[in-house]
Amino acid sequence: MTIRPPKLYVIADRGVFRSDEEWLNATRAVAGHLSKIEGSALQIRVKGSSAESRSNRMLQAREAVDEALSSGLTVLANTTLEEALALEFSGWLSVPFLAPWPPPLRPAASLSGR
């Protein structure tokens, strides 16, 4: 499956918010708006955290975007492939990602054989 370049691409970066609560609320709101815009995508990014903290934040972010993801929004996780599959994101981006578009993104369902 090929994912086309999105018309609108937003990065929900935990590092620009003062708290997890602010980040999750903003991420949920942006995801809701993006789900109404055909061809948009959202990237979840958590940098500078311990592995455990990053995993917890990824889980919380996945829960925050669940409704938008269910409605068809492409939500990419800036994490490991294994974690993106386990949390059922649309796809993943490795860190650092420096290749030209299109990145090696595949829906989690396709990657896991479901």
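Refer to the structure presented above.
Each value, and the rule that gives it
Here the residue numbers are simple positions, counted from 1 along each chain's written sequence. This being a predicted model, a pLDDT of at least 70 is required before a residue's local features are given, and a value of 80 or more before pairs of side-chain atoms are given or counted; all residues contribute to the totals for chains, interfaces and linings. Working from all heavy atoms in the structure, the side-chain values ignore hydrogens and water. Strand pairing is defined by DSSP finding a minimum of two bridges between the two strands. Only runs of H or I of at least four residues qualify as helices and only runs of E of at least two qualify as strands under DSSP, and these elements are numbered from the N terminus. Two residues form a contact once any of their heavy atoms are found within 4.5 Å. Axis definition: a line fitted to C-alpha atoms, over the contacting stretch in the case of helices. Angles run 0 to 180 degrees between N-to-C directions. When a residue's accessible area, from a 1.4 Å probe over protein chains only, is under 20% of the maximum for its type it is buried; when over 50% it is exposed; and in between it is partly exposed.

1. Notes on the sheet that holds strand β1 (residues 8-13)
Okay, step 1: With respect to topology, four strands assemble into an open sheet ordered β1-β2-β3-β4, the strand pairing being parallel. Strands at the two margins of the open sheet, each flanked by one partner only, are β1 and β4 (91-92).
Okay, step 2: Strand direction decides the pairing type here: strand β2 (residues 40-45) and strand β3 (residues 74-78), joined by five bridges, are parallel. Across the sheet, residue Ala-41 finds its bridge partner in β3, namely Thr-74.
Okay, step 3: Contacting β1 and β2, helix α1 (residues 20-34) runs over the sheet at an angle of about 165 degrees to β2.

2. Looking at unusual backbone geometry
Okay, step 1: Located in the positive-phi region is Glu-88, a residue other than glycine, with phi close to 60 degrees.
Okay, step 2: With relative accessibility at 41%, the residue Glu-88 sits in the partly exposed group.

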